[in-house]
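One-letter residues, chain by chain:
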Amino acid sequence: MVQPADREFYANLPLFEAFEGVADEANYRPLPEGWWLAVADIVDSTGAIAEGRYKSVNMAGASVISALMNALDEKNLAFVFGGDGALAVVPGGLAAKAKHALAAAKTWVAEELGLELRAAIVPVSDVRANGFDMRVARFKASEVVSYAMFSGGGASWAEAEMKAGRYQIAAAPTGTRPDLTGLSCRWNPIVSHHGAIVSIIAVPGERGIGPEFQDLIGDILELAEGEERGGHPVPENGPEPHLSVRGITVESRAVAPRGRRSMAWFFVAAQSLALFLCFRLGINFGPFDVKRYARDLASNSDFRKFDDALKMTIDVSLDRLRRIEERLKQGVAAGICRYGLHRQDAALMTCIVPTPMSRDHMHFIDGAAGGYAVAARNLKATLAGNVSQAGSLPSMIKP
């Protein structure tokens, strides 16, 4: 049984509004005892991306969040989207439901997207028994949407344990479908307006999280803030409206099983066409305010986050990108950080929209040609070189 205090823990966390606060440990609170971490990622996501299946990879990662939110009936779920996976934290009383949701998501991803979803659920008590912690903060992205930020090393440790084969959840029986109500992938890639879309992952170096790493984060954010809207890849008034046939096809697989797919495809296509016309013509549809929706779409996006590491997908000029990477290299030389970076021409947006009539729709941003998955691969290559020289990885890095 879920205790009221557990249900209210995350919702009652104080909000911070300046993103620089992700580096301030005062904004974080330890997860209560008895909670669990739900972790998932796509096996060989970079291979799938190389085949041009970036929409499917992002849809699979977002499906984990959607499945958990719907199964737990929890709009205030604390989660982070990782591009090719996700992490969420749940009270102990909801762990069994979370396991079923993850098992169903594994089956759906395999059968409908042709990808292998790896999933695990890890007790916070085990995280702490191994010398790490799980602390969570709540960043106010907009008037109506907030996102969870995580620190303490527990998320990284739990993901490494999952990849080592521990705590893993078996797939549900063939044909099992999670509830993916609201999951949407209708937008075409959003092309860079300033020069390049760059996905960055910056993790603490040998010195761990401390004032020097916090200063580095502040410097990177200050450089990004010099770009229009801080490098936000989604235009202030929303992306250019386009019809995405691939997005419609992927979404129809989320809303209907085989045998009812054709009807679902036409239903999603009709919705997409109506949305396209509203955006293109600037007209409202009943209570649907297209201009407000477009503004909310941009402000509700998670283009910056912190999950034991600074993660950003930003739109910046090539000169600004050079300066950001120079600062990151300085951090590496001083043992303050390690980083992975991937440059591409466009960003990709995957969404959870409970209903277009409400304003609390959430939009997950990644690079459209590899994004965080390739940045993580580049980070691992850097760490492999670090292992040969130093003999060990920094304690909070995801192997």
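Reading the values: the criteria
Residues numbered from 1 in each chain as written. Predicted model: local features only at pLDDT ≥ 70, side-chain atom pairs only at ≥ 80, totals over all residues. Heavy atoms only, no water. pLDDT = per-residue confidence, 0-100. Contact = heavy atoms within 4.5 Å. Pairing = 2+ DSSP bridges. Helix = DSSP H or I, 4+ residues; strand = E, 2+ residues; numbered from the N terminus. Axes fitted to C-alpha atoms, helices over the stretch in contact; angles between N-to-C directions. Expected span 1.5 Å × (residues − 1). Buried < 20%, exposed > 50% of the residue type's maximum accessible area, 1.4 Å probe, protein only. Arc of directions from axis to C-beta. Parallel < 35°, antiparallel > 145°, perpendicular 65-115°, else oblique. Left-handed = near helix turned anticlockwise from the far one by under 90°. Nonpolar A, V, L, I, M, F, W, Y, C, P; charged D, E, K, R; others polar.

1. A few points about the confidence of the model for the protein
Okay, so step 1: Mean pLDDT over the protein works out to 88, with 93% of the residues at or above the 70 mark.
Okay, so step 2: Overall, residues 387-399 carries pLDDT values under 50, and its contacts beyond four positions in sequence, including any with other chains, amount to 28 contacts.

2. Examining the sheet that holds strand E12 (residues 304-306)
Okay, so step 1: What the four strands build is an open sheet, ordered E12-E13-E11-E14; its pairing is antiparallel. For this open sheet the edge positions go to E12 and strand E14 (337-344), each flanked by a neighbour on one side alone. Taken pair by pair, the neighbouring strands of this sheet meet at an average axis angle of 15°, ignoring direction.
Okay, so step 2: In this structure, strand E11 (residues 196-204) lies alongside strand E13 (residues 310-316), joined through seven bridges in antiparallel fashion. If you follow alanine 202 over to E13, its bridge partner there is leucine 310.
Okay, so step 3: Across the sheet, helix H11 (residues 318-333) is in contact with E11, E13 and E14; its angle to E14 comes to roughly 160°.

3. A look at helix H7 (residues 211-225)
Okay, so step 1: Between the first and last C-alpha of H7 there are 21 Å, a value that for 15 residues agrees with the 21 Å anticipated at 1.5 Å per step.
Okay, so step 2: Considered for burial, the residues of H7 that qualify are Phe213, Leu216, Ile217, Ile220, Leu221, Leu223 and Ala224. Each buried residue of H7 sits inside an arc of 160° when the element is viewed along its axis, so together they form one side. Exposed positions of H7 whose direction lies more than 90 degrees from the buried face are Pro211 and Glu222.
Okay, so step 3: Of the surrounding secondary structure, the elements contacted by the buried residues of H7 are E11, E12, E13, H11 and E14.

4. Here's the deal with the environment of isoleucine 200
Okay, so step 1: Along the chain, isoleucine 200 falls in strand E11.
Okay, so step 2: Assessed through its relative accessible area of 1%, isoleucine 200 is described here as buried.
Okay, so step 3: Note: C-alpha distance between isoleucine 200 and isoleucine 314 (114 residues apart in sequence) is 8.4 Å.
Okay, so step 4: Aside from chain neighbours lying at most four places away, what touches isoleucine 200 is Leu310, Lys311, Met312, Ile314, Ile324, Leu328, Gly340, Leu341 and Tyr372.

5. Considerations on the pairing of E11
Okay, so step 1: The buried count for E11 comes to nine of nine residues, which makes it a mostly enclosed element.
Okay, so step 2: Sheet topology places E11 next to E14; eight bridges connect them, and they run antiparallel. Across the sheet, the residue bridging to valine 198 is arginine 343, located in E14.

6. A short note on the packing of helix H8 (residues 245-255) against helix H9 (residues 261-281)
Okay, so step 1: Put simply, H8 and H9 touch, their axes get as near as 8 Å, and they point 130° apart. Compared by their axis directions, H8 and H9 come out oblique. For H8 against H9, the interelement crossing comes out right-handed. Contacts from Val245, Ile248, Thr249, Glu251, Ser252, Arg253 and Val255 of H8 reach H9 at Arg261, Ala264, Trp265, Val268, Ala269 and Ser272.
Okay, so step 2: Here the residues of the contact of H8 with H9 sort into seven nonpolar, three polar and three charged.

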